[in-house]
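Here's the letter readout for the chains.
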Amino acid sequence: MGSAAAWALASRGRDVTLLEQFSPGHRNGASHGTTRNFNPGYAGPDYVAMLAEAVRLWDELEADGGERLLARTGVVNHGTDPHLGDIRNALRGAGLRAEFLTAADAAERWRGIRFDQEVLYMPDGGQLNPDAALPVLQRLAAGRGADIRHRVTVLDVAVADDGVRLTVDAGGRTEVLTARQAVVTAGAWTAKLLGGLASLPRLTVTQEQPAHFAIRDEGALWPGFNHVPGQGPEFADWYSPVYGMQTPGEGIKAGWHGVGPVVDPDRRSFTPEPAQMAALQRYARTWLPGVDADSLTDVSCTYTTTVDENFVLDRIGPLVIGAGFSGQGFKFTPVVGRILADLATGEGTAPAIFSASRPGVR
Ligand SMILES: Cc1cc2nc3c(=O)[nH]c(=O)nc-3n(C[C@H](O)[C@H](O)[C@H](O)COP(=O)(O)OP(=O)(O)OC[C@H]3O[C@@H](n4cnc5c(N)ncnc54)[C@H](O)[C@@H]3O)c2cc1C
């Protein structure tokens, strides 16, 4: 999100410095790896409008960056989700494709997945590649004048009359940087960094542990997929809905959503919780006939989740805040960048659902 904000602001000729505590391509936060679902499965008007804009902006980034960032494999949502009809109608209203398929038709197309009821197929969905997208955003931002600084840790943020003052550790050297404003997109570290400075919705940081399963059926085609559990004993050991996708060269990723252990981002184990992983393997054994449920590699990553799972996109004095992406933010990255730039330049506002002072989220 910080890289996207730097790209959007530099594209408007603003004087931008991007600070990151770790090295390029680090795996300590939420934006590493080569796949994230561009799952269009939303019905809320603000999210649907952002989806349509995201499709355009990812196209623009691919064109400007000269790299494919979104593999359009389509996405299928299935299971006992009462919102599938609303999602189809909302997407069609926004010019995005969505159609229902029978379980039999879906199984014929995607024999690696087991379906037991109607399936919502969204052909405009697919997989984004974070390990390619972040360098493109930063390269384009730098090309438009932004200063990209890795291995610089912000130790303190102070609000002053004329803006902000940041005390940073740059490779053991302390510096004090001043700016008219700071866009803070510190992910899992947001509450730590801004705790006393801004009253924010509660942000819960969890260590999530999807896994890549080895492909058993080499010829099978794979869309992105989201599966909502039904009622009854068959679903008793599910932790949450399941999401998944094919990661080229690594297998089929599948994961529980937002149920990992609550962690301090600076004190993580990076190791999976065994009971959840065993349940995920049982899921794969039952619902993913195209994979070998006993051959897997775990992935470790952080979610920063709000109570209502809506983002925080807001401005508090000279601080512009982007946080709480609740395990669903990557698809919206360039739009979040645009909204944060609007907030920073005063050229626009964010939808009310993202307000930091909204009720019921503390
Ligand atoms: C397992 C998993 C699966 C997901 N699947 C999907 C999906 O299918 N589709 C989807 O749309 N989204 C998905 N997401 C969500 C998406 O990846 C996140 O919403 C998004 O990456 C969040 O980006 P961010 O910039 O907020 O966080 P980060 O990328 O973590 O950025 C925060 C950065 O701030 C830096 N930082 C923090 N404090 C400081 C400091 N004091 N000084 C300097 N730098 C600092 C950190 O080092 C970090 O690099 C998934 C997330 C996970 C974990």
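**Concerning the domain arrangement of the protein**
We note that the domain assignment places domain 1 (2-31 + 132-203 + 306-351) and domain 2 (36-128 + 205-305) within the protein. Each of domain 1 and domain 2 has a C-alpha centre, and the two are 27 Å apart. Facing 38 residues of domain 1, the contacting portion of domain 2 comprises 33 residues. Among the residues of domain 1 in contact with domain 2, Ala188, Lys331 and Phe332 are the three that bury the most area, contributing 19% of the side total. Our count for the contact surface shared by domain 1 and domain 2 stands at 4 salt bridges. When the shortest N-O distance is used, the salt bridge between Asp264 and Lys192 registers 2.9 Å. Along the contact surface separating domain 1 from domain 2 lie 16 residue pairs in polar contact (both at pLDDT 80 or more). Listed by contribution, the elements that provide at least two residues to the side of domain 1 that touches domain 2 are helix H5 (130-143) and helix H8 (333-345). Sorting elements by how many residues they give to the side of domain 1 that touches domain 2 places H5 first, with 6 residues. Class assignment of the residues belonging to the side of domain 1 that touches domain 2 gives a composition of 19 nonpolar, 11 polar and 8 charged.

**What to know about the sheet that holds strand E7 (residues 126-128)**
Strand order across the open sheet formed by 3 strands is E2-E7-E3, with antiparallel pairing between neighbours. In this open sheet, the two edge strands, each paired with only one partner strand, are strand E2 (36-38) and strand E3 (70-71). Relative to E7, E2 is paired through 3 bridges, and the arrangement is antiparallel. Looking at E7, one finds that Asn37 is bridged to Gln127. Running at roughly 120° to E2, helix H2 (residues 45-65) makes contact with E2, E3 and E7 of the sheet.

**Considerations on the nonpolar core**
If you look at the biggest cluster of nonpolar residues, it comprises 54 residues, and the most contacted ones within it are Trp7, Phe38, Trp58, Leu61, Phe311, Leu313 and Phe332. Among the elements of the structure, helix H1 (2-10), H2, helix H3 (84-93), strand E6 (119-122), H5 and H8 are those that each provide at least two residues to this core. The element best represented in this core is H2, accounting for 9 residues. Built from parts of two domains, this core gets at least three residues from each of domain 1 (2-31 + 132-203 + 306-351) and domain 2 (36-128 + 205-305). Dropping the residues within four chain positions of it, Trp58 is found in contact with Phe38, Leu69, Leu128, Ala133, Phe330, Lys331, Thr333 and Pro334. Among the nonpolar cores identified, the runner-up in size contains 29 residues, and Tyr121, Ala254, Met277 and Trp287 belong to it.

**What to know about the packing of aromatic side chains**
What describes a pair of aromatic rings is the distance from one ring centre to the other and the angle between the planes of the rings. Within this structure, the stated rule accounts for 18 aromatic pairs. Between the aromatic rings of Tyr47 and Phe354, the centroid separation amounts to 5.6 Å while the plane-to-plane angle is 80°, which identifies the pairing as edge-to-face. Taken together, the residues span a long stretch of sequence, with Tyr47 in helix H2 and Phe354 in the segment after H8 at a distance of 307 residues. Given a relative accessible area of 0%, Phe354 falls into the buried group. Geometrically, the ring pair formed by Phe235 and Trp287 is stacked, given 6.2 Å between the ring centres and 25° between the ring planes. Here Phe235, found in the loop between strand E15 (224-228) and strand E16 (242-247), pairs with Trp287, found in helix H7 (residues 274-287); they are 52 residues apart in sequence, far enough to count as distant. Residue classification places Phe235 among the buried positions, given a relative accessible area of 11%. Aromatic ring contacts, followed pair by pair, group Tyr42, Tyr47, Phe311, Phe325, Phe332 and Phe354 into a single cluster. Just above the ring of Trp287 sits the side chain of Arg114; from NZ or CZ to the centre is 4.0 Å. Arg268 extends its terminal NZ or CZ atom over the ring of Phe270, reaching a point 3.9 Å from the ring centre.

**Examining the sheet that holds strand E12 (residues 182-184)**
Read across the open sheet, the 3 strands follow the order E12-E21-E20; overall the sheet is mixed. One side of each edge strand has no neighbouring strand; the edge strands of this open sheet are E12 and strand E20 (312-316). The average angle at which neighbouring strand axes cross in this sheet is 15°, direction not considered. As judged from the 3 bridges shared by E12 and strand E21 (residues 319-323), these two strands associate in the parallel manner. The partner of Ala182 across the bridge, within E21, is Leu319. Of the strands in this sheet, E12, E20 and E21 are in contact with H8, which crosses E20 at around 15°.

**Side note on the site of the ligand**
Contacts to the ligand come from 31 residues, most closely from Glu20, His26, Ser31, Asn37 and Cys301. At 2.8 Å from an oxygen atom of the ligand is found a side-chain nitrogen or oxygen belonging to His26. Ala30 is positioned such that a nitrogen or oxygen atom in its backbone is 2.9 Å from an oxygen atom of the ligand. Every element with two or more residues in the shell around the ligand is listed here: strand E1 (17-20), E2, strand E9 (152-160), E16 and strand E19 (301-305). Class assignment for the residues of the shell around the ligand results in 16 nonpolar, 12 polar and 3 charged. When we break the shell around the ligand down by domain, the ones giving at least three residues each are domain 1 (2-31 + 132-203 + 306-351) and domain 2 (36-128 + 205-305).

Parameters and conventions
- Residues numbered from 1 in each chain as written.
- Predicted model: local features only at pLDDT ≥ 70, side-chain atom pairs only at ≥ 80, totals over all residues.
- Heavy atoms only, no water.
- Domains from an automatic or database assignment.
- Contact = heavy atoms within 4.5 Å.
- Buried area = accessible area lost by both parts, 1.4 Å probe.
- Salt bridge = Lys/Arg side-chain N within 4 Å of Asp/Glu carboxyl O.
- Polar contact = N/O pair within 3.5 Å; in protein donor to acceptor, adjacent residues only side chain to side chain.
- Helix = DSSP H or I, 4+ residues; strand = E, 2+ residues; numbered from the N terminus.
- Nonpolar A, V, L, I, M, F, W, Y, C, P; charged D, E, K, R; others polar.
- Pairing = 2+ DSSP bridges.
- Axes fitted to C-alpha atoms, helices over the stretch in contact; angles between N-to-C directions.
- Core = buried A, V, L, I, M, F, W, Y, C linked by side-chain atoms within 4.5 Å.
- Buried < 20%, exposed > 50% of the residue type's maximum accessible area, 1.4 Å probe, protein only.
- Phe/Tyr/Trp six-rings, centres within 6.5 Å; stacked < 30°, edge-to-face > 60°.
- Lys NZ or Arg CZ within 6 Å of the ring centre and 35° of its normal.
- Near = heavy atom within 4 Å.

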